[in-house]
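So the chains spell out like this:
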Amino acid sequence: MSTDVSFTKRAAAELTRCFNGLAVRGKAGNVRPSGGLTATGQDLNARHNKGRASRLEKAAQIREYLSAVQSPSTVEDLWKDPGFLDVFFWYFIARERKIIAQVCQIWRDLLYQPKYWRGVLPILRCRELRPTSGDKSTSAELRKKVYLSLERRGFDSACLFGANDEDLYDFVSNCPPSYVRHLRHLSLRCCNVTDKGLEVSLQNLQAVTQLELFGCNDITDAGLWASLNPRIVSLTLADSINIADESVATITQLLPCLYELNLQAYHVTDTALAFFGPRQSATLIILRLRFCWEITNHGLLNVVHALPNLSILSLSGCSKITDDGVELISENLRQLRSLDLSWCPRITDAALEYIACDLAHLEELTLDRCMHITDVGLGYLSTMTNLRALYLRWCSQIRDFGIQHLCSIRCLQILSFAGCSLTSVGLSSVVQLCHLQELELTNCPGTSKELLEYLRVNLPNCMIIE
């Protein structure tokens, strides 16, 4: 009993000390400090005057700061004000900024800041930069100005369109050294560059890790052997007549760190895919084989066993791929996030059943021009809860009933019905996809003004492409 009383006394004493340390504010705004003493009116006036003086001092400091800031007083001053222009320029895309940079020196200096050009690939049309009237000095000065502007805008990439060896040598020799040191991405499109030109250029561009060769018909396997180096991690070869199976062999041997390979070559066969081995299994994540007409299901067998970690696979235009090939992919490449089977005419609903059953993590599926896909196949896809983007352009056998299946994929964000024979009634049910961000209805006979207005009202956050 005595223990309980002692505990109660200690608790009461502790509460008393806490209360004595608090100041209680009365109804009239007076402060009652600890000990029961009331503040006098003189003390309150002193505190009030002190606070008022502090506020006046801060207001004076703000007025002084605002007077020092030179705000535009006329429309002409507004168009020269860096603060206003810094916001204004973000309303334009890169192509438009290139034009408005020519308005005046002030605009050019502001627009040449690297922040406006991140992620942009500058294209140099080499034929336009060559001397035409025999005045080589004027043309050389123009090219130097262009190269200097690339450096000022902080580009780490460049695309040379229609270049030859001389253009490539000039680019490497006359670009500012800092730009050459930081160039990561080089793209050559529709160029007459030879093996020697490519070799010399890549020897000088030591920082390049991403290489693209589009329509470079003078590049051979020998040129690739001499030019490719282990630092390249992303390679694109397209529309080059000399690219064949041996080119793939060269790539697999010389690029051990390759994580992305984009190949569009009509002469590549299943033999090329047999060159992929353990060296690529851990690094190669993205493989796009576009319009490789000679590749069959047998070639895919080599791919799925040699490259088990693929997350993006495109077989667009590989017309010999059948449902059996898709079954191989579905059973062995379980980490796929994106699969492109467009322009594969032998794909049927059975392939979609394999995809729906085994590729649970798939987020993007492209089935453009797969003419044998029907509403039954879309029913299989309705179970894929992780699917974010679905492209069904010109799938002529899809009807309104198939749309009802797709409406159960609640997380779908991008959907394309371009060229599909659908009615307004069927398309109107798309409003059930509340997370939709992009809907393509180009060349759909069922579209009308009323339908488009209905979709815009019920899908306010969705961009509708007519």
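The next point concerns the environment of Leu300. Relative to the assigned elements, Leu300 resides in helix α16 (residues 297-306). For the pair Leu300 and Leu328, spaced 28 residues apart in sequence, the C-alpha to C-alpha distance is 7.5 Å. The residues contacting Leu300, other than those within four sequence positions of it, are Leu273, Leu315, Ile321, Gly325 and Ile329.

Before going further, it helps to spend a moment on helix α22 (residues 449-458). Turning to α22, its buried residues are Leu451, Leu452 and Leu455. Mapping the buried residues of α22 onto a view down its axis gives an arc of 95°, with all of them on the same face. Set apart from the buried face of α22 by more than 90 degrees, the exposed residues are Lys449, Glu450 and Val457.

As a further point, take the confidence of the model for the protein chain. Taken over all residues, the pLDDT of the protein chain has a mean of 88, while the share at 70 or more is 86%. Counting interchain partners and residues more than four positions distant, the pLDDT-below-50 stretch residues 1-5 has zero contacts. Within the model, pLDDT remains below 50 along residues 18-39, and this stretch shows 18 contacts once partners closer than five positions in the same chain are excluded.

At a closest axis distance of 10 Å, the pairing of helix α8 (residues 136-152) and helix α9 (residues 165-174) adopts a crossing angle of 55°. If you check the angle between α8 and α9, you find them oblique. Crossing of α8 over α9 shows right-handed handedness. Between α8 and α9, the residues in contact are Arg143, Lys144, Tyr147 and Leu150 and Asp170, Phe171 and Asn174, respectively. In the contact of α8 with α9, the residues fall into three nonpolar, one polar and three charged.

Quick look at the packing of aromatic side chains now. Here the distance between the centres and the angle between the planes together describe a pair of aromatic rings. Tallied over the entire structure, the rule returns 14 aromatic pairs. Considering the side-chain rings of Trp79 and Phe88, the 5.3 Å spacing of their centres and the 70° angle between planes classify their relative orientation as edge-to-face. In this structure Trp79 comes out as partly exposed when scored by relative accessible area, which is 35%. Linked through ring pairs, Trp79, Phe84, Phe88, Phe89, Trp90, Phe92, Trp107 and Tyr116 together constitute an aromatic cluster. The ring of Phe214 carries the charged tip of Arg189 above its face, separated from the ring centre by 4.9 Å.

Residue Cys190 is not a glycine yet carries a positive backbone phi of 50°. Position of Cys190 among the secondary structure elements: in the loop between β5 (185-189) and α11 (195-204).

Let us now look at the nonpolar core. Among the nonpolar cores identified, the biggest contains 121 residues, and Leu160, Phe171, Ile355, Leu390 and Phe417 are the most heavily contacted of them. Among all residues touching Phe171, those that are not within four sequence positions of it are Leu124, Tyr147, Leu150, Ala158, Leu160, Tyr179 and Leu183.

In terms of burial, strand β8 (residues 260-264) is largely enclosed, as four of its five residues are buried. In terms of strand pairing, strand β7 (residues 234-238) meets β8 through five bridges, oriented parallel. The partner of Ala238 across the bridge, within β8, is Gln264. Considered for its hand, the β-α-β crossover made up of β7, helix α13 (residues 245-254) and β8 is right-handed. For β8 and strand β9 (residues 286-289), the ladder comprises four bridges, and the chain directions are parallel. By the bridge assignment for β9, Asn262 is matched with Arg288.

Here β5 lies mainly inside the structure; four of its five residues are buried. As paired elements, strand β4 (residues 157-161) and β5 share five bridges and run parallel to each other. Considered in β5, the bridge of Cys159 is made with Ser187.

Our focus in this paragraph is the state of the cysteines. Within the structure shown, the criterion is met by zero disulfides. Cysteine Cys126 remains unbridged, with the sulfur of Cys191 as its closest cysteine sulfur at 6.4 Å. Left without a disulfide partner, Cys344 is nearest to the cysteine sulfur of Cys370, which lies 5.9 Å away. Cys344 gets classed as buried once you look at its relative accessible area, which sits at 0%.

Running from N to C, α9 and α11 cross one another at 10°; their axes reach a closest spacing of 9 Å. It follows from the interaxial angle that α9 and α11 lie roughly parallel. Side by side, α9 and α11 meet where Asp165, Leu168, Tyr169 and Val172 of the first sit next to Lys196, Gly197, Leu198, Val200, Ser201 and Asn204 of the second. In the contact of α9 with α11, the residues fall into five nonpolar, three polar and two charged.

Applying the stated criterion across every chain, the model contains 12 salt bridges. A salt bridge links Asp167 to Arg130; its shortest N-O distance comes to 2.6 Å. You can see Asp167 sitting in helix α9 and its partner Arg130 sitting in the loop between α7 (126-129) and α8, a full 37 residues away along the chain. Relative accessible area serves as the criterion here: at 27%, Arg130 is assigned to the partly exposed category.

Calculation notes
Residues numbered from 1 in each chain as written. Predicted model: local features only at pLDDT ≥ 70, side-chain atom pairs only at ≥ 80, totals over all residues. Heavy atoms only, no water. Helix = DSSP H or I, 4+ residues; strand = E, 2+ residues; numbered from the N terminus. Contact = heavy atoms within 4.5 Å. Buried < 20%, exposed > 50% of the residue type's maximum accessible area, 1.4 Å probe, protein only. Arc of directions from axis to C-beta. pLDDT = per-residue confidence, 0-100. Axes fitted to C-alpha atoms, helices over the stretch in contact; angles between N-to-C directions. Parallel < 35°, antiparallel > 145°, perpendicular 65-115°, else oblique. Left-handed = near helix turned anticlockwise from the far one by under 90°. Nonpolar A, V, L, I, M, F, W, Y, C, P; charged D, E, K, R; others polar. Phe/Tyr/Trp six-rings, centres within 6.5 Å; stacked < 30°, edge-to-face > 60°. Lys NZ or Arg CZ within 6 Å of the ring centre and 35° of its normal. Core = buried A, V, L, I, M, F, W, Y, C linked by side-chain atoms within 4.5 Å. Pairing = 2+ DSSP bridges. Right-handed = clockwise from strand over helix to strand, strands pointing away. Disulfide = S-S within 2.5 Å. Salt bridge = Lys/Arg side-chain N within 4 Å of Asp/Glu carboxyl O.

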